[in-house]
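Summary of the model geometry
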Amino acid sequence: MSNSLGEKFRITSFGESHGKCVGVVIDGCPSGLSLSEDDIQPELNRRRPGQSQITTKRQEEDQVEILSGVFNGYTTGAPICMLIWNKDVDSTKYELFRDVPRPGHADFTARQKYGGFNDYRGGGRFSGRITASFVMAGAVARKLLRDVLNVDITAHTIEIGGIKAKKIEDISLIKKNVEKTPIRTADLETAEKMIELVIQAENEGDSIGGIIECIVTNVPIGLGEPIFSSLESDISKAIFSIPAVKGIEFGAGFRVSRMKGSENNDKFTFKNGQILTKTNNAGGILGGISTGMPITFRIAIKPTASITKKQESVSISEKKETELQIEGRHDPCIVPRAVPVVESMTAMVLADHAIRYNVIPPVIRRMTS
Ligand SMILES: Cc1cc2nc3c(=O)[nH]c(=O)nc-3n(C[C@H](O)[C@H](O)[C@H](O)COP(=O)(O)O)c2cc1C
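Throughout what follows, the structure given in this document is the object of discussion. (Residues numbered from 1 in each chain as written. Predicted model: local features only at pLDDT ≥ 70, side-chain atom pairs only at ≥ 80, totals over all residues.)

Taken in spatial order, the five strands of this open sheet run β1-β2-β3-β7-β4, and their pairing is antiparallel. This sheet does not close on itself; its edge strands, each paired only once, are β1 (4–5) and β4 (65–68). Sheet topology note: the β1/strand β2 (residues 10–15) ladder contains two bridges and is antiparallel. Bridge pairing in β2 places Ser4 opposite Thr12. Across the face of the sheet, helix α4 (residues 131–149) comes into contact with β2, β3 (21–27) and β7 (80–85) while running at roughly 35 degrees to β3. (Pairing = 2+ DSSP bridges. Helix = DSSP H or I, 4+ residues; strand = E, 2+ residues; numbered from the N terminus. Contact = placed C-beta atoms within 7 Å. Axes fitted to C-alpha atoms, helices over the stretch in contact; angles between N-to-C directions.)

What follows is the structure, given as structure tokens:
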């Protein structure tokens, strides 16, 4: 298994969905960053189950505890260990999936790869719950980026089950609207239609997916380590570590394949003495290095694998096809809860690169006495 991410700002995620806890260790966080549970908890609350009518009915309070690496309200430079305890756990429904794997989930591949020793309860390491550890680490990365560089990261839902949100260019409006609706889209008019579609899918025993867009502003020029740690490579790797992500495109994305060079090339210009581009088809990255323009990308999230509709699967012990009816408490649409996870992964990658490029120093502030 590979459970660590990043070079200098390096996180290690641990825990299983129905084990004792889910947590993270961050190694390489600079000292002198003011940090407490209050910086982490609001982000975890955005990811938490049971937060609205369109998320799973599981109730987990997900109260974060910082166990190490913070003293007198500041990071010390030592590893930061944080966790949440698992409380609302019902593992009974998962016994069946050891023998009859859920189509679309990791039950089959995990069993084959780990010889059946994997903790299958609640999906184990393959549960969406693991993303709580990403959000804890992401909250620290985000604070680091904001405090030192004023970097700002916003993700929002732009499509649900084929229903597209109206394009909103104004980032401040996106930020203002996104938490006003449980579907986390900035287009409040379309939000209701999206929510209805999620509820309809759930009533039919089904699920739907969608698209999340992420926009990062105030990114310094020069982040990214070509060739194999280009910014696109590292963001993509981090984003694909979120379960249920099936695609990513930066800037104009797949549309570039239908453009001419003269259309796609972002023309350089000067504004207030700074070199900018007039358009941003590159999504803020050229040659794997940040251009200083907003980093923009969109990701495709698949429909939740665990649906209550009857499905075809196999019984591994009986070596024959069988029907599977999944019970339990699952999200009919993962997208809204994945929004803070996308922001967190992005923050971790950018914090790591900012430290590697020396634009975030190893000591954020020095004590005066
Ligand atoms: C926030 C979040 C919540 C999730 N909740 C569920 C869920 O309730 N039921 C489910 O089947 N999958 C859920 N998933 C997705 C599965 O964990 C994922 O589909 C599975 O591990 C297989 O991995 P893959 O889809 O990346 O191939 C969730 C993912 C995220 C990011």
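Continuing now.
A few words on the sheet that holds strand β16 (residues 295–301). The strands making up a sheet associate through backbone hydrogen bonding, with each pair oriented either parallel or antiparallel. Taken together, the five strands give an open sheet; going across it, the order is β9-β8-β10-β16-β11, and neighbouring strands pair in antiparallel fashion. A strand with exactly one partner marks an edge of an open sheet, and here the two such strands are β9 (163–164) and β11 (245–250). As paired strands, strand β8 (residues 152–160) and strand β10 (residues 210–217) are joined by eight bridges and run antiparallel to one another. Opposite Ile160, over in β10, you have Gly210 as the bridge partner.

The axes of two packed helices give the description: the angle between them and the distance between them. Where helix α7 (residues 231–240) contacts helix α9 (residues 335–356), the axes come no closer than 9 Å and their chain directions differ by 140 degrees. Accordingly, the angle class assigned to the pair α7 and α9 is oblique. In the packing of α7 onto α9, the handedness of the crossing is right-handed. Residues Leu231, Asp234, Ile235, Ala238 and Ile239 of α7 form the contact with α9, whose own contacting residues are Val342, Met345, Thr346, Met348, Val349 and His353. When the residues that make up the contact of α7 with α9 are grouped by side-chain class, the tally is eight nonpolar, two polar and one charged. (Parallel < 35°, antiparallel > 145°, perpendicular 65-115°, else oblique. Left-handed = near helix turned anticlockwise from the far one by under 90°. Nonpolar A, V, L, I, M, F, W, Y, C, P; charged D, E, K, R; others polar.)

Right, let's get into the site of the ligand. Phe126, Gly128, Pro243, Ser306 and His330 are the nearest of the 21 residues found near the ligand. Among the elements that line the shell around the ligand, the one with the most residues is α9, at three residues. Along the lines of polarity and charge, the residues of the shell around the ligand split into nine nonpolar, nine polar and three charged. (Near = placed C-beta within 6 Å.)

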